[in-house]
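This is what each chain is made of:
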Amino acid sequence: MDTNGEVDEVVLPNEVLPQVHYLHDCFPPQLLDRLERLREQTMGDRCSVNMVALRRRFVSAELAEQITTSLPRQLAGLRVCAEMRFIEYSLGGYIAPHTDGPTFDQTAHASSTHTMLLYLRDVDDGGATCFLRSLDETTRPLAAVQPRAGSILIFPHGTPHMGEACGTQPKMLLRGDLVLSPPVADDEAAAQPPLRLSDSTRLGEGVTKETETILRNEHVPSGGCERVGNLSRTEV
């Protein structure tokens, strides 16, 4: 994170995937170490109808606040809810196409609006979070985000997505919900700098935007796929 409170970000095309953010290097090592210890100490279950994974649920308003204060200014206005869960996908683990629903946050007395995935491990073989045009179109995702330890993926609850089956590496993440605070004033919003791409990112077929390129009015062509990371497959 730089002195202005910004971090490197891969911005997915806003015309196709509005409000989807993938940000790197947001959190101090001490926080990530604390999450790892908490994960190991929390009981889990595999009771789910749409995923093959272990879930470890907990509630911590203090930890939610610590994560919230570590979020960069690009995400100003979003606050992490106290109810969270670790999700662990072993080899072959996946989650089927779905959309997320809101939860009611007792602290804010409001329903959540966005999903948070904080990745705890690098995954290079399978395990991508794939965004879909609809729940019926699953073979050619709009975008596929490869997990990177310490990075965070934020998107609105209603965004169709799925978790690609893991290959030779397990996938571990912290799943949470966020409440949207009142919007900033128009003049404040206009003063915010444009978001930037931090990695080489493929948009559709053969179009590449390199590091630190400003993203303006880009979109994924019909049938195309944007993949973040080094996984080359475009079909699930």
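Only a predicted model underlies this, so the values are computations on that prediction, with no experimental measurement involved. (Residues numbered from 1 in each chain as written. Predicted model: local features only at pLDDT ≥ 70, side-chain atom pairs only at ≥ 80, totals over all residues. Heavy atoms only, no water.)

Under the counting rule described, the total for this entry stands at 10 salt bridges. The shortest N-O distance in the salt bridge between E88 and R39 comes to 2.9 Å. Residue E88 is located in strand 5 (residues 83-89), and its partner R39 is located in helix 1 (residues 29-41); the two are separated by 49 residues in the primary sequence. Through salt bridges with shared partners, one network takes in E36, R39, R56, E88 and R121. (Salt bridge = Lys/Arg side-chain N within 4 Å of Asp/Glu carboxyl O. Helix = DSSP H or I, 4+ residues; strand = E, 2+ residues; numbered from the N terminus.)

On to the packing of aromatic side chains, then. One pass over the structure, following the stated rule, counts three aromatic pairs. Each ring, one from Y22 and one from Y119, has its centre 6.1 Å from the other, and the planes form 90°; the classification is edge-to-face. With Y22 in strand 2 (residues 21-23) and Y119 in strand 9 (residues 114-119), this residue pair connects regions lying 97 residues apart in the sequence. According to the relative accessible area criterion, Y22 is buried, its value standing at 1%. When the ring of F58 is compared with that of F86, the centres are 5.2 Å apart and the planes differ by 25°; the resulting orientation is stacked. (Phe/Tyr/Trp six-rings, centres within 6.5 Å; stacked < 30°, edge-to-face > 60°. Buried < 20%, exposed > 50% of the residue type's maximum accessible area, 1.4 Å probe, protein only.)

Core analysis: the largest hydrophobic core is formed by 23 residues, its most contacted members being I67, M84, M116 and L174. Taken together, the elements giving at least two residues each to this core come down to helix 1, helix 2 (61-70), strand 4 (78-80), strand 5, strand 9, strand 12 (152-156) and strand 14 (171-180). Those residues in contact with M116 that lie beyond four places of it in its chain are I67, V80, M84, I152, L153, I154, L174, R175, G176 and L178. M51, A53, A143 and L173 belong to the second-largest nonpolar core, a separate cluster that totals 18 residues. (Core = buried A, V, L, I, M, F, W, Y, C linked by side-chain atoms within 4.5 Å. Contact = heavy atoms within 4.5 Å.)

This part covers the side chain of S151. Along the chain, S151 turns up in the loop between strand 11 (143-145) and strand 12. Relative accessible area serves as the criterion here: at 1%, S151 is assigned to the buried category. In this view, S151 contacts Y22, L23, H24, L117, L118 and Y119; residues no more than four positions away in its chain are not counted.

Across the chain, pLDDT averages 77, with 70% of residues at or above 70. A low-confidence stretch, residues 188-227 stays under pLDDT 50, and its non-local contacts, those more than four residues away or across chains, total 107 contacts. (pLDDT = per-residue confidence, 0-100.)

Here we take up the packing of helix 1 against helix 2. Packed helices, taken two at a time, are described by the angle their axes make and the gap between the axes. The contact between helix 1 and helix 2 brings their axes to 12 Å, and the two run at 150°. Judged by the inter-axis angle, helix 1 sits roughly antiparallel to helix 2. As helix 1 runs across helix 2, the sense of the crossing is left-handed. Where helix 1 abuts helix 2, its residues L31, R34, L35 and L38 lie against E62, L63, Q66, I67 and S70. (Axes fitted to C-alpha atoms, helices over the stretch in contact; angles between N-to-C directions. Parallel < 35°, antiparallel > 145°, perpendicular 65-115°, else oblique. Left-handed = near helix turned anticlockwise from the far one by under 90°.)

Another point: the layout of surface pockets. Taken as a whole, the second largest pocket encloses approximately 250 Å³ of empty space. Within the lining of the second largest pocket, the residues separate by chemical class into eight nonpolar, six polar and six charged. (1 Å grid on protein atoms, 1.4 Å probe; cavity = no way out; pocket = protein on both sides within 12 Å on 5 of 7 lines; lining within 4 Å. Points joined across faces, edges and corners; volume = space filled by probe spheres on them. Nonpolar A, V, L, I, M, F, W, Y, C, P; charged D, E, K, R; others polar.)

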